[in-house]
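Observations on the three-dimensional arrangement
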Amino acid sequence: MPGEVTENKARIQVSGYAQVNGGITKNPADEKYANIGAALGGEINYKGTYLKAEAGAGTALTGKLELGHEFDLGKNMGLDISAKATANKSLKSNELISNFNYNVNGIPGEMSSVTTWHPGEVRVGLQPELTFKSKNEKFKFGVGVEGGWRKSTSPDIEQNSSLEYKPETGSPVNLNDTVKYDLNKSGAYITPTVSAEVKLGKKGDFSLVANADMYQGQAGIRYTF
């Protein structure tokens, strides 16, 4: 009945999902790292206004939070406007080895320093996105733009190597070498975005999902419950 349809639309809808996915991220320091693993997420939706949250683990730890509203434009089109925050950190460490060659009184030698760290980033932004759905809602595609602020969580690196050489005659010789790398970078960003979801089977509990922008890309299989 018409009254029942209106009541269902006004009801708060809560859903959750489990997902296996793979992708890659590039942080503001231009460090690339894989994001392959599993995630759990959930959504609360009321009359098109929604709150989404997701946490994942695998080759990286990830967390996402998104608040937005999707406006119905008719003809299976919508305008989704959201504010989002994401954070991730690779569980695989990067390694930097610096070698310093020297020659004192004809005697060659080498000093080396090793530094390891886990690359990552945090991002907050706003995104308007045009969405397109098939009539049976089995397929949804979105294209938009996202802008905001992002920061690398990798540390600035300063490697110091020193050596004291004591010749048989004369004063000791001190050799020092310092190498600096600026990896803790941050700044504003803007990027085009694309997203897609294809529901599988009659019930549509399983779906293929994908999203990408200039700094990350991800695809996976999702089970919604």
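Residues numbered from 1 in each chain as written. Predicted model: local features only at pLDDT ≥ 70, side-chain atom pairs only at ≥ 80, totals over all residues. Heavy atoms only, no water.

A few points about the overall build of the protein
Along the backbone of the protein there are 1 helix and 15 strands. The principal-axis extents of the C-alpha atoms in the protein amount to approximately 105 × 30 × 25 Å. Burial analysis of the protein (225 residues in total) assigns 30% to the buried set. Long-range pairs, those at least 24 residues apart, make up 56% of the contacts in the protein between residues at least 6 apart in sequence. Counting every atom, the protein has about 13,600 Å² of accessible surface; 59% of that belongs to carbon and sulfur. For the protein, the separation between the mean place of its 25 positive charges and that of its 25 negative charges on side chains is 9 Å. (Helix = DSSP H or I, 4+ residues; strand = E, 2+ residues; numbered from the N terminus. Buried < 20%, exposed > 50% of the residue type's maximum accessible area, 1.4 Å probe, protein only. Contact = heavy atoms within 4.5 Å. Areas by Shrake-Rupley, 256 points an atom, 1.4 Å probe, with all protein chains shown as cover. Lys, Arg positive; Asp, Glu negative; His and termini not counted. Charge placed at Lys NZ, Arg CZ, Asp CG, Glu CD.)

Some remarks on the pattern of salt bridges
Throughout the structure, instances matching the rule amount to 8 salt bridges. Residues Glu 121 and Arg 123 are paired through a salt bridge, measuring 3.8 Å at the closest nitrogen-oxygen approach. No difference in accessibility class separates Glu 121 from Arg 123, as the two residues are buried. Between Asp 213 and Arg 123 there is a salt bridge; the shortest N-O distance is 3.0 Å. Of the two residues, Asp 213 is situated in the loop between strand 14 (206-212) and strand 15 (216-224) and Arg 123 in strand 9 (residues 120-133); the sequence distance between them amounts to 90 residues. When its relative accessible area of 15% is taken as the criterion, Asp 213 is described as buried. When salt bridges with common partners are traced through the structure, they connect Lys 84, Glu 121, Arg 123, Glu 146, Arg 150 and Asp 213 into a single cluster. (Salt bridge = Lys/Arg side-chain N within 4 Å of Asp/Glu carboxyl O.)

Some points on the packing of aromatic side chains
Centre distance and the angle of the planes are the two values used to describe a pair of aromatic rings. Counted by the stated rule, this structure contains 3 aromatic pairs. For the ring pair Tyr 189 and Tyr 215, a centre distance of 6.1 Å and an interplane angle of 90° mean the geometry is edge-to-face. One end of the pair, Tyr 189, is in strand 13 (residues 186-200); the other, Tyr 215, is in the loop between strand 14 and strand 15, and 26 residues separate them in sequence. We note that Tyr 189, like Tyr 215, is buried. Seen from their ring centres, Phe 206 and Tyr 223 are 4.9 Å apart, and the 45° between their planes marks the pair as tilted. Within this pair, whereas Phe 206 is found in strand 14, its partner Tyr 223 is found in strand 15, the two being separated by 17 residues in sequence. (Phe/Tyr/Trp six-rings, centres within 6.5 Å; stacked < 30°, edge-to-face > 60°.)

What to know about unusual backbone geometry
Even without a glycine there, the phi angle at Lys 75 is positive, about 55°. One non-glycine residue, Glu 137, lies in the positive phi region at around 60°. Along the polypeptide, Glu 137 turns up in the loop between strand 9 and strand 10 (139-152).

Focus: the environment of Asn 94
Here Asn 94 lies in strand 7 (residues 94-104). As a C-alpha pair, Asn 94 and Glu 31 span 63 residues in sequence and 9.1 Å in three-dimensional space. Those residues in contact with Asn 94, other than ones at most four positions away along the chain, are Glu 31, Thr 115, Thr 116, Trp 117 and Pro 119. Reaching out from Asn 94, the side chain makes a polar contact with the side chain of Glu 31 at a distance of 3.2 Å. (Polar contact = N/O pair within 3.5 Å; in protein donor to acceptor, adjacent residues only side chain to side chain.)

Quick word on empty space enclosed by the protein
Summed over the entire model, instances satisfying the criterion amount to 1 cavity of 30 Å³ or more. Estimates place the volume of the largest cavity at around 60 Å³. Elements supplying a minimum of two residues to the lining of the largest cavity: strand 3 (37-46), strand 4 (49-58) and strand 5 (60-74). The residue inventory of the lining of the largest cavity, partitioned by class, reads 4 nonpolar, 6 polar and 2 charged. (1 Å grid on protein atoms, 1.4 Å probe; cavity = no way out; pocket = protein on both sides within 12 Å on 5 of 7 lines; lining within 4 Å. Points joined across faces, edges and corners; volume = space filled by probe spheres on them. Nonpolar A, V, L, I, M, F, W, Y, C, P; charged D, E, K, R; others polar.)

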